[in-house]
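As a plain string of letters, each chain reads:
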Amino acid sequence: MTSDSQNTTVRRVKPIDIPPVISVSDLADNMEVNPVEVVKGLMRGGYMFAINDVIDREIASIVVQLFGFQANEVEEETSGPASLTVDKESENPDLLETRPPIVTILGHVDHGKTTLLDRIRKTNVVDGEAGGITQHIAAYQIESEGGSITFLDTPGHEAFTAMRARGAQVTDLAILVVAADDGVMPQTIEAIDHVRAADVPIIIAITKKDLPNANIDNVYRQLSEHELLVESWGGDIIAVPLSGLSGEGVPELIENIHLIAEISELKANPKRTARGVVVEARLERNRGTLATVLVQTGTLRQGEIVIMGEVYGKIRAIFDDKGNRINEAGPSTPVEIMGLSEIPEAGTILDVAGTEKEAKKIVDERQTQSNREAIRLQDAHSRGATGNIRQVDLIIKTDVQGSIEAVKNALDGLNSNDTRVNLVHIASGSVTERDVLLAVASEAVIIGFNSSPEGGAQSLANQESVEIRQYDVIYHLIEDISKALDGLLEPEYDDVYFGRASVRAVFNLGRRAKVAGIYVNDGRITRDCTVHVLRNGEEIHVGPISTLKHFKDDVREVATGFEGGMSIDGFNDFEEDDVIEAYSVEEI
């Protein structure tokens, strides 16, 4: 006779390797399971992920157990092509070539920065026509007698302080614009701090020298108070008085830019893979995502796979600062590129990847890390919030990356001891289905600032009752959020009219209880309404309904033209011809 142990088959559980992060599709392949079934398994566990999404090890370990496998934790290999960090020590000095200087012009609002930029563009010897260049991106290059110069145009408004700081950090030389009539102003001091943080040479451009109230010596004195001593005062900082309108002094400014560039010995290797920085990015209806990129080293070519933070794509087209299509761009060259699926953040580094698979892997890892940090921040926020603080949870999508800084800074101004604007997520681009799912999970309102929802996103929002509000003026957005915060602090209520009935008979139920026989003349009377009892036009009682019947049956409502019976909490003095008005108390 065969023993039970001989008949028993030992089933070994197959181990599945689980790295720190893995895509849903890769996990399905490893288990040899239909990816759709994996997505369903995730949903049953309360996780909303699509097939191409990346999940971390903790979630993946739960999923493999659902399908009868054992999770085997493995570490990712740290070596290999996944790292895109440039090792400056490995640059071959024999391959380094002189590159054009990158110049940022900073200064206070209305100090003549725009006029100076226009005048500089008119000095472009390649152009031929005065003012012929149409500057359509935030970086451009001019050709002067001393060679090429690349300029970064930085916004002047204080809401874009962070972007201006990024501009100073990627520059070789900063020009500080100070008006001869106004002198040093708050944003001038702010610009000085940014330049010092970037540790780059500085040239002072004293604009509006031809105005009657110009006082150049006073500007020099004010600058010396901020430890900027110009050459004429015994210092080593170049200062050039000029007029943006007449052009006087502008050639001297250009000459001094070339002088400092020559002393700085600015060089790069044009033969290596490109590395640069995103200056600005936006979404255009007909052209898709456009990113303004400043190539810092190497040569960027059409057809290459690029990574910018958590965004990647294949370059479909490259345009120079004049809108001409080009095939490649070398060091210090500002260009616009097409081919990205999403809008990258301004200030992020551009790197070139070998393959699309490699790029996707790096971006997936970065996104997973960002999600982990966001979860940690959200947890910390939840722990720190008290019951006395009222907050509005928002998901904000803007048209361009630059708008993010303005919106964030403006919303920060609404925070107080009693109120808080919680930005669950803020990014540039259109409102997507992923945004709607995040809004469902976080119970947030979606704000589109010059950004529209995609078709699928709007349908999903309607289905999930997610509110999407759209604005094209920042002040309207801030005003509405401010009102929402005020409403949370001091809710207002109003009575919404539901219906009217007349008392046609009064029935005694025992010694004290009375029931009114009613006829609904208008609207409807519902069980959860508050009723007002009127007698001869005067209100004699307000209270909730305790019972509502149609014949002998308890009902939730009695509609127009029907009879019923009702009793009211706290009221027992019905008379025939009393009027019953029903209202629902709703918060405004």
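Going by the structure above, here's the rest.
Note that the structure is predicted; figures quoted are calculated from it, not measured.

Q: Help me out: how do you make sense of the overall build of the chain in this one?
A: The number of helices and strands found in the chain is 14 helices and 33 strands. A total of 588 residues make up the chain; the buried ones form 45% of that total. Considering only residue pairs separated by 6 or more positions, the chain has 70% of its internal contacts joining residues 24 or more positions apart. Carbon together with sulfur atoms contributes 46% to the accessible area of the chain, which is approximately 31000 Å² in total.

Q: I'm lost on the pattern of salt bridges in this one. Help?
A: When their charged atoms lie close together, side chains carrying opposite charge are able to pair. Evaluation of the coordinates by the stated rule reveals 19 salt bridges. In this structure, the salt-bridge partner of Glu 557 is Arg 524, at a minimum N-O distance of 3.4 Å. Residue Glu 557 is found in strand E31 (residues 557-559), and its partner Arg 524 is found in strand E27 (residues 513-526); the two are separated by 33 residues along the sequence. Salt bridges sharing common partners tie together Arg 535, Asp 573, Glu 575 and Asp 578.

Q: In this structure, what is going on with the nonpolar core? I would like to understand it.
A: Side chains that are nonpolar tend, in soluble globular proteins, to be buried together. Ranked by size, the top nonpolar core spans 22 residues in total, and within it Leu 116, Ile 120, Phe 151, Ile 175, Ile 203, Leu 253 and Ile 257 carry the most contacts. Going through the elements one at a time, strand E6 (102-107), helix H5 (113-122), strand E7 (139-144), strand E8 (147-153), strand E9 (173-179), strand E10 (202-207), strand E11 (238-241) and helix H9 (250-264) are the ones with two or more residues in this core. Among the elements that make up this core, the one with the highest residue count is H9 (five residues). If we ignore the near neighbours within four places in the chain, the residues touching Phe 151 are Val 103, Ile 105, Ile 120, Ala 138, Ala 139, Tyr 140, Ile 142 and Ile 257.

Q: Explain the sheet that holds E8 here, please?
A: Strand pairing within a sheet occurs via backbone hydrogen bonds; the two strands may be parallel or antiparallel. Taken in spatial order, the six strands line up as E7-E8-E6-E9-E10-E11 in an open sheet, and their pairing is mixed. The open sheet is flanked by E7 and E11, the only strands paired with a single partner. When strand polarity is set aside, the average angle formed by the axes of neighbouring strands in this sheet is 25°. Two strands pair when backbone bridges link them, and E9 and E10 are joined in this way by six bridges, in the parallel orientation. Its bridge partner lying in E10, Leu 176 is registered against Ile 204. With respect to the sheet, H9 is in contact with E6, E7, E8, E9, E10 and E11, its orientation differing from that of E8 by roughly 100°.

Q: It is not clear to me how the packing of aromatic side chains should be interpreted in this structure. Could you clarify?
A: Each aromatic ring pair is characterised by the separation of its centres together with the angle its planes make. One pass over the full model with this rule turns up three aromatic pairs. Ring geometry for Phe 571 and Phe 574: centres 5.2 Å apart, planes at 85°, overall edge-to-face. Just as Phe 571 is buried, Phe 574 falls in that class too. When the ring centre of Phe 319 is taken as reference, the NZ or CZ atom of Arg 287 above it lies at 4.9 Å.

Q: Explain the pairing of E6 here, please?
A: Working note: regular strand, side chains alternate between the two faces of the sheet. Of all six residues that make up E6, six are buried, and the element is covered over most of its length. Covered by surrounding structure in E6 are Ile 102, Thr 104 and Leu 106 together with Val 103, Ile 105 and Gly 107, the residues of both alternating faces. One ladder, built from four bridges, connects E6 with E8; its direction is parallel. Each bridged residue has a counterpart across the sheet, and for Thr 104 the counterpart in E8 is Leu 152.

Q: Just to check I follow, could you spell out the side chain of Thr 526 for this structure?
A: Its place among the elements puts Thr 526 in strand E27. Judged by relative accessible area, which is 7%, Thr 526 ranks as buried. A distance of 3.0 Å separates polar atoms of two side chains, one belonging to Thr 526 and the other to Asp 528. Those residues within four positions of Thr 526 in sequence are excluded, and the remaining contacts are Phe 498, Ile 545, Leu 548, Arg 556 and Glu 557.

Q: Would you explain a nonpolar patch on the surface in this entry?
A: A contiguous nonpolar patch, built from Met 43, Met 48 and Leu 437 and spanning about 270 Å² of accessible area, is present on the exposed surface. Mapped onto the secondary structure, Leu 437 falls in helix H12 (residues 433-442).

Q: Can you walk me through unusual backbone geometry in this structure?
A: A negative phi angle characterises most non-glycine residues, just as the trans form characterises most peptide bonds. The phi torsion at Glu 32 lies on the positive side, around 60°, for a residue other than glycine. The class of Glu 32 is exposed, set by a relative accessible area of 69%. Residue Glu 227 is not a glycine yet carries a positive backbone phi of 60°. Within the secondary structure layout, Glu 227 lies in the loop between helix H8 (216-225) and E11.

Q: When you look at the sheet that holds strand E23 (residues 419-428) in this model, what are you seeing that I'm missing?
A: Here we have four strands laid out as an open sheet, ordered E23-E22-E24-E25, and parallel in their pairing. Edge strands, defined here as strands with exactly one partner in the open sheet, are E23 and strand E25 (468-471). Strand-to-strand twist of the sheet, defined as the mean angle between neighbouring strand axes without regard to direction, takes the value 25°. Both strand E22 (residues 390-398) and E23 contribute to a ladder of nine bridges, which runs parallel.

Q: Which parts of the structure should I look at to understand helix H11 (residues 401-412)?
A: Given 3.6 residues per turn, any residue in an α-helix points the same way as the ones three and four places further on. Taking 1.5 Å per residue, twelve residues should reach 16 Å; H11 reaches 17 Å between its end C-alpha atoms and fits that length. Turning to H11, its buried residues are Gln 401, Gly 402, Ser 403, Ile 404, Glu 405, Ala 406, Val 407 and Leu 411.

What counts and how
- Residue numbering note: each chain is counted from 1, following its sequence as written.
- This being a predicted model, a pLDDT of at least 70 is required before a residue's local features are given, and a value of 80 or more before pairs of side-chain atoms are given or counted; all residues contribute to the totals for chains, interfaces and linings.
- Excluded from the side-chain calculation are hydrogens and water; included are all heavy atoms of the structure.
- Runs of E in the DSSP output that reach at least two residues are strands. Runs of H or I that reach at least four are helices, and both are numbered from the N terminus.
- Residue burial is assigned from relative accessible area. The probe radius is 1.4 Å, only protein chains are included, and a residue is buried under 20% of its type maximum, exposed over 50%, and partly exposed in between.
- Whether two residues are in contact is decided by their heavy atoms: any pair within 4.5 Å suffices.
- Note on areas: Shrake-Rupley with a 1.4 Å probe; residue coverage comes only from the protein chains shown.
- Here a salt bridge means any side-chain nitrogen of Lys or Arg lying within 4 Å of a carboxyl oxygen belonging to Asp or Glu.
- Within this scheme, the nonpolar core is defined by two criteria: the residues are buried Ala, Val, Leu, Ile, Met, Phe, Trp, Tyr or Cys, and they are joined through side-chain atoms within 4.5 Å.
- When DSSP finds two or more bridges between two strands, those strands count as paired.
- Helix axes are fitted only over the stretch in contact, all axes being lines through C-alpha atoms; the angle between N-to-C directions runs from 0 to 180 degrees.
- In this scheme Phe, Tyr and Trp rings, the latter by its six-membered ring, pair at centre separations within 6.5 Å, and the angle between planes marks the pair as stacked below 30 degrees, edge-to-face above 60, and tilted otherwise.
- When the NZ atom of lysine or the CZ atom of arginine is within 6 Å of a ring's centre and also within 35 degrees of its normal, the charge is said to sit over that ring.
- Whenever a nitrogen or oxygen atom comes within 3.5 Å of another N or O atom, the pair is scored as a polar contact, on the condition that within protein one atom can donate a hydrogen and the other can accept it, and that pairs from neighbouring residues in sequence are kept only if both atoms are in side chains.
- Only residues above 30% relative accessible area that lack a salt bridge enter a patch, with like-charged residues linked at up to 9 Å and the nonpolar side chains Val, Leu, Ile, Met, Phe, Trp and Tyr linked at up to 5 Å.
- Multiply 1.5 Å by the residue count of a helix minus one, and that product is the helix's expected span.

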